[in-house]
Amino acid sequence: MTLAPETSRTTTARTIQLLLGEDWFTVCELSLLTPGRGVAALLPDGRQVALFTDRAGRSYAIDNRDPFTGAAVLSRGLTGTHRGRPFVASPLLKQRFDLETGQCLDDEEVRVATYEVRAA
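Definitions and limits used
- Residues numbered from 1 in each chain as written.
- Predicted model: local features only at pLDDT ≥ 70, side-chain atom pairs only at ≥ 80, totals over all residues.
- Heavy atoms only, no water.
- Pairing = 2+ DSSP bridges.
- Helix = DSSP H or I, 4+ residues; strand = E, 2+ residues; numbered from the N terminus.

(A) Looking closely at the sheet that holds strand β3 (residues 39-42). Spatially, the 4 strands line up as an open sheet ordered β3-β4-β5-β9, and their pairing is antiparallel. Only two strands of the sheet have a single partner each, and these edge strands are β3 and β9 (114-115). Bridging between strand β5 (residues 59-63) and β9 involves 2 bridges; their strand directions are antiparallel. Across the sheet, Ala 61 pairs through a bridge with Tyr 115, a residue of β9.

So, in structure tokens, the structure goes:
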């Protein structure tokens, strides 16, 4: 999906923002995220981030690149919980990544980058 800024109206919709360095970067409107499903977004430096929101309204952002295959697919993974922690399972080899810490739940030596997220 490609999003273009709306120029004909003023919006008061809540947006998802990521902390990149010292600045907040607006990614998209919160209403475009479906609880339990991921969305990939392109960052200004060319990296991809996988965004998720859960049914309780919490949002998460991790690197979209699966470290086991190198493919940018984590946004397409299945979400769930393990011992009360939210995770996404890679759609390729099924390794699970904690959405809060980025830690791989199946290999303690592997983790993906996480981003601080807010709804503004």
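(B) Representation of the pairing of strand β1 (residues 15-20) in the model. The pairing of β1 with strand β2 (residues 23-29) spans 6 bridges and is antiparallel. In the sheet register, Thr 15 faces β2, and the bridge partner there is Glu 29. Here β1 hands over to β2 after 2 residues, with Gly 21 in that stretch at a positive phi of 70 degrees. Inspection of the sheet shows β1 paired to strand β10 (residues 117-119) by 3 bridges, in the antiparallel sense. Residue Ile 16 lies in a different strand from β10, and its bridge partner there is Ala 119.

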